[in-house]
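Notes for the structure review
Below are the chains, spelled out letter by letter.
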Amino acid sequence: MFWDSDQPYPLAGAGLGYDQILAWLREDDEVRLRNLWDAADDMRRRSVGDDVHFRGLIEISNHCVRRCAYCGLHVENTKIERYRMTADEILACAREAKEYGYGTVVMQSGEDYGITVAWMADVIRRIKSEVGLAVTLSLGERPVEDLAAWKQAGADRYLMRFETSDLKLYDRIHPPLGNRKSDRFALLEELRRLGYEVGSGVMIGIPGQSYDTLVNDLCMFRSMDLDMIGVGPYIPHPDTVLGRDPQPLPPDQQVPNTELMTYKVVALTRLLCPQANIPSTTALATINKANGRELGLCRGANVVMPNLTPVQYRRHYEIYPAKACINETARECRFCLKNRVQSIGRTIGQGPGGRVRS
Ligand code: 5AD
Ligand code: FES
């Protein structure tokens, strides 16, 4: 189903159904796509305004016990040098975030049980009391008790992408840990119950991801009422199962991992979830270093995540190759993003920038 670009715009929030989403994902006409970009940008402006929120990203450890088929940090990858930041190093990054006016730090790692519950709780408490920023965690599929303890310590938000809602594909790319099956949907519900603001999202163009399941992913974003939704292109990593043996679907069914497809998903996400915080991701900046970030922000996104990780660790956090910002310092990322945001006439958000609800 397609629309004549002269006709009234057919999209609006909950009015966007399965067939329409699918049609947009398969749309390749630049003129018609302009309607999608305009509608998403308009919805973004009316729902969350012109502010772009800065979330300082600290990649606190690249150790991981999991074997996700797409990610370069998986336990069997012996080619990367492993690191874990000290509490003092993390606190120094948080202070730098404060100095730069960021309202939030996001601490991310592989699923690393060297990060103990008590140690992490202490880091969270120190950031809250000594620096006073919103704290977002993205530390993998930890036991519910760990998540509860960190909430108790003062963490505000948790990010965990479900990657795909196609359960067969999900299981193929997320092998169990011992006898614990990976179930991110259950954990996302727990996180909500514990009082976190909850973020999730998917990769776009995972080999085996069909258009149908991507439509379903988008519908899930709406039904889960997510506070934050991160979507980015899948980027093959040569030292992973999927990188070595991708097994894509036939071309008419396989979602491509392209820049264009990423913009479509960002725009549709904004239309389906008007008030969500949506980042213009590093993966998008990686496949279009010139202006991927800006285009994401002009097609629905309202968040960026400047990297604060000390430079000596950055290149080791190789979830995919040729990641943007590998050689830049925290100061350079801040300057770069500030300029990019201002170049498109947007303003820089102040304060924690939590989910707005009306
Ligand atoms: N390409 C793109 N994104 C990836 N991620 C992990 N590996 C890759 C890859 N090869 C994303 C996942 C994960 C987030 C932290 O990074 O969506 O949830
Ligand atoms: Fe890091 Fe542009 S955001 S260099």
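Below: a short report on this structure. (Residues numbered from 1 in each chain as written. Chains lettered and ligands numbered in written order. Predicted model: local features only at pLDDT ≥ 70, side-chain atom pairs only at ≥ 80, totals over all residues. Heavy atoms only, no water.)

1. Some words on the site of ligand 1
In the vicinity of ligand 1, the residues found are Tyr70, Cys71, Gln108, Arg161, Glu163, Met203, Pro233, Tyr234, Ile235, Ile319 and Tyr320. Contacts to ligand 1 include Tyr70, whose backbone N or O atom sits 3.0 Å from a nitrogen atom. At 2.6 Å from an oxygen atom of ligand 1 is found a side-chain nitrogen or oxygen belonging to Glu163. Within the complex, 86% of the 410 Å² of free accessible area of ligand 1 lies under protein. Looking at side-chain class alone, the shell around ligand 1 contains eight nonpolar, one polar and two charged residues. (Near = heavy atom within 4 Å. Polar contact = N/O pair within 3.5 Å; in protein donor to acceptor, adjacent residues only side chain to side chain. Areas by Shrake-Rupley, 256 points an atom, 1.4 Å probe, with all protein chains shown as cover. Nonpolar A, V, L, I, M, F, W, Y, C, P; charged D, E, K, R; others polar.)

2. Some words on the pairing of strand E6 (residues 228–233)
For a regular strand, side-chain orientation follows a simple rule: the groups alternate between the two sheet faces. By the criterion of burial, E6 is predominantly enclosed, with six of the six residues buried. Alternating positions in E6 separate into two faces, Met228, Gly230 and Gly232 on one and Ile229, Val231 and Pro233 on the other, with burial throughout. Crossover strand E5 (residues 197–204) to E6 through helix H8 (residues 211–224) is right-handed. (Buried < 20%, exposed > 50% of the residue type's maximum accessible area, 1.4 Å probe, protein only. Helix = DSSP H or I, 4+ residues; strand = E, 2+ residues; numbered from the N terminus. Right-handed = clockwise from strand over helix to strand, strands pointing away.)

3. As for unusual backbone geometry
It is generally the case that most residues other than glycine have a negative phi and that most peptide bonds are trans. Unusually for a residue other than glycine, Asp225 sits at a positive phi of about 50 degrees. The topology assignment puts Asp225 in the loop between H8 and E6. Owing to a relative accessible area of 29%, Asp225 belongs among the partly exposed residues under this scheme. Phi is positive for Ala322, which is not a glycine, with a value near 55 degrees. Structurally, the position occupied by Ala322 is in the loop between helix H13 (311–314) and helix H14 (330–343). In this structure Ala322 comes out as exposed when scored by relative accessible area, which is 55%.

4. Remarks on the pattern of salt bridges
As enumerated under the stated definition, the model contains 29 salt bridges in all. When the shortest N-O distance is used, the salt bridge between Glu141 and Arg184 registers 2.9 Å. A residue pair is termed long-range when its members are at least 10 positions apart, and Glu141 in the loop between strand E3 (134–138) and helix H5 (144–152) and Arg184 in helix H7 (residues 184–194) qualify at 43 residues. Overall, Glu141 belongs to the buried group, its relative accessible area being 2%. The residue Glu163 makes a salt bridge to Arg184 at a minimum N-O spacing of 3.2 Å. Of this pair, Glu163 sits in the loop between strand E4 (157–159) and helix H6 (167–173) while Arg184 sits in helix H7; the two residues are 21 residues apart in sequence, bridging distant segments of the chain. Across this residue pair, the class does not change: Glu163 and Arg184 are buried. (Salt bridge = Lys/Arg side-chain N within 4 Å of Asp/Glu carboxyl O.)

5. Topic: the packing of aromatic side chains
If you walk through the whole model with that rule in mind, you get seven aromatic pairs. Taken together, a centroid distance of 4.5 Å and an interplanar angle of 15 degrees make the contact between Tyr83 and Tyr313 stacked. With Tyr83 in the loop between strand E1 (51–61) and helix H3 (87–99) and Tyr313 in helix H13, this residue pair connects regions lying 230 residues apart in the sequence. There is no split in this pair, since Tyr83 and Tyr313 are both buried. (Phe/Tyr/Trp six-rings, centres within 6.5 Å; stacked < 30°, edge-to-face > 60°.)

6. What to know about helix H10 (residues 259–272)
Along an α-helix, a turn takes 3.6 residues, which lines up residues three or four apart on a common side. The first and last C-alpha atoms of H10 sit 20 Å apart over 14 residues, in line with the 20 Å expected at 1.5 Å per residue. Most of H10 sits out of view: twelve of its 14 residues are buried. Residues of H10 that are buried include every one of Met261, Thr262, Tyr263, Lys264, Val265, Val266, Ala267, Leu268, Thr269, Arg270, Leu271 and Leu272, and no others. (Expected span 1.5 Å × (residues − 1).)

7. Brief notes about the nonpolar core
Ranked by size, the top nonpolar core spans 97 residues in total, and within it Leu25, Met107, Met120, Leu137 and Trp150 carry the most contacts. At eight residues, H10 tops the list of elements feeding residues into this core. Those residues in contact with Met107 that lie beyond four places of it in its chain are Ile58, Ile60, Ile90, Met120, Val123, Ile124, Ile127, Val135, Thr136, Leu137, Ser138 and Leu139. Of all hydrophobic cores here, the second largest spans six residues; its members include Leu57, Val106, Leu159 and Met228. (Core = buried A, V, L, I, M, F, W, Y, C linked by side-chain atoms within 4.5 Å. Contact = heavy atoms within 4.5 Å.)

8. Considerations on the packing of helix H1 (residues 18–26) against H8
Relative orientation of the contacting elements H1 and H8 amounts to 120 degrees, with a least axis distance of 10 Å. Between H1 and H8, the interaxial angle falls into the category oblique. Judged by the sense of rotation from one axis to the other, the crossing of H1 with H8 is right-handed. Contacts from Tyr18, Ile21, Leu22, Leu25 and Arg26 in H1 reach Tyr211, Asp212, Leu214, Val215, Leu218 and Cys219 in H8. Each residue belonging to the contact of H1 with H8 can be placed in one class, and the counts come to nine nonpolar, no polar and two charged. (Axes fitted to C-alpha atoms, helices over the stretch in contact; angles between N-to-C directions. Parallel < 35°, antiparallel > 145°, perpendicular 65-115°, else oblique. Left-handed = near helix turned anticlockwise from the far one by under 90°.)

The values reported here are purely geometric and, on their own, carry no functional implication.
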